[in-house]
Amino acid sequence: LAYDISNGNELLENLAPQISRPVYESEKEALQKLTDKRFFITGDDRCADWRTGIEILADVYDRLGLNAEKSHLVERAVKYLDDQKLPPGQDRNHDDNLRFFLELAGYDSRLRLFYPQLITAWPSDYVYPYRFAKYLLGKNKPEPALALISQAARLCYGANCLAVAKIQAEALAVMGRSQEAVAFLSKTIKDNKKVFPKETEVLETLYKKLK
């Protein structure tokens, strides 16, 4: 299964290439057969977790330096989803799979159009304003990222809010508002450390970096 390969790859990461590469080659062959047999098909034989196997094969291509094969695979995944012609909001799994593979393919122009559609289609979900903010921040656009992450902060819950807070603080810092970011992090850490000690460690690292 694709999960077996994913879990097993952790054992290969620190091995010499002459040992790990033949294993990756075997993984590639197995996953390619699985992909054609269980993923790029229609009907009941299609694997329920459609995305994971393709994602892991893309990772194996990365490990082997097969950039063209990875690009072809990701483009094939996007086309497969596009061919279903489902509008945003009709199928959550389809929407998020398309979002994922558009990001993996680096289709920036499509993502800038698609993210607002996802936010509109799933208005009670913090995930899409959060992901779009994170995406825009990675493109060095902190102002729109801050507006989106503020929207995500109103919708998030539990430990998820700490991931949202990290993006909010980073956006403030990039905009030259480091003191505001530090104060915001200090309060967020204080309010959440007892309930979410592990998750606040990431915020503490950022706090020390910005202070």
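Whatever comes next refers back to the structure up there.
What you see is a predicted model; the values in this text were computed from it and never measured.

Chemist: So what about the pattern of salt bridges? Which residues, and what values?
Modeler: Overall, the coordinates contain 17 salt bridges when judged by the stated rule. Between Glu-13 and Arg-63 there is a salt bridge whose closest N-O contact spans 3.4 Å. Here the residue Glu-13 occupies a position in the loop between helix H1 (2-12) and helix H2 (17-39), and Arg-63 occupies one in helix H3 (residues 50-64), the gap between them amounting to 50 residues. Judged by its relative accessible area of 48%, Glu-13 is partly exposed. Overall, the relative accessible area of 30% leaves Arg-63 in the partly exposed class. In this structure, the salt-bridge partner of Lys-139 is Asp-108, at a minimum N-O distance of 3.2 Å. Of this pair, Lys-139 sits in the loop between helix H7 (127-138) and helix H8 (142-155) while Asp-108 sits in helix H6 (residues 108-121), placing them 31 residues apart in sequence.

Chemist: Give a description of the environment of Thr-205 that names residues and reports values.
Modeler: Counting through the fold element by element, Thr-205 comes out in helix H11 (residues 197-210). In this structure Thr-205 comes out as exposed when scored by relative accessible area, which is 54%. With 20 residues separating them in the primary sequence, Thr-205 and Leu-185 have C-alpha atoms 10 Å apart.

Chemist: Requested: an account of the environment of Ala-163, with residues and values cited.
Modeler: Along the chain, the position of Ala-163 falls in helix H9 (residues 160-174). Separated by 58 residues in the primary sequence, Ala-163 and Ala-105 have C-alpha atoms spaced 24 Å apart.

Chemist: So what's going on with unusual backbone geometry? Residues and values would help.
Modeler: Backbone geometry follows two general trends: most residues other than glycine have a negative phi, and most peptide bonds adopt the trans configuration. In this structure, Lys-85 is a non-glycine residue whose phi angle is positive, near 55°. Position of Lys-85 relative to the elements: it lies in the loop between helix H4 (67-82) and helix H5 (92-105). A relative accessible area of 69% places Lys-85 in the exposed class. In this model, Asn-140 sits at a positive phi of 60°, which is unusual for a non-glycine residue. Note on placement: Asn-140 falls in the loop between H7 and H8.

Chemist: Give me the lowdown on the layout of surface pockets, citing residues and values where you can.
Modeler: Here the largest pocket defines a volume of roughly 230 Å³. Together, 15 residues line the largest pocket, and Arg-46, Ala-48, Asn-93, His-94 and Asn-97 are the ones closest to its centre. Those elements that provide at least two residues to the lining of the largest pocket are H3 and H5. Residue composition of the lining of the largest pocket, grouped by class: five nonpolar, four polar and six charged.

Chemist: Please set out the state of the cysteines residue by residue, giving values where relevant.
Modeler: Under the definition given, this model contains one disulfide. What pairs with Cys-156 in a disulfide is Cys-161, and their sulfur atoms sit 2.2 Å apart. Here the disulfide of Cys-156 and Cys-161 is right-handed, its torsion about the S-S bond being about 115°. Relative accessible area serves as the criterion here: at 13%, Cys-156 is assigned to the buried category.

Thresholds, definitions, all that
- Residues numbered from 1 in each chain as written.
- Predicted model: local features only at pLDDT ≥ 70, side-chain atom pairs only at ≥ 80, totals over all residues.
- Heavy atoms only, no water.
- Salt bridge = Lys/Arg side-chain N within 4 Å of Asp/Glu carboxyl O.
- Helix = DSSP H or I, 4+ residues; strand = E, 2+ residues; numbered from the N terminus.
- Buried < 20%, exposed > 50% of the residue type's maximum accessible area, 1.4 Å probe, protein only.
- 1 Å grid on protein atoms, 1.4 Å probe; cavity = no way out; pocket = protein on both sides within 12 Å on 5 of 7 lines; lining within 4 Å.
- Points joined across faces, edges and corners; volume = space filled by probe spheres on them.
- Nonpolar A, V, L, I, M, F, W, Y, C, P; charged D, E, K, R; others polar.
- Disulfide = S-S within 2.5 Å.

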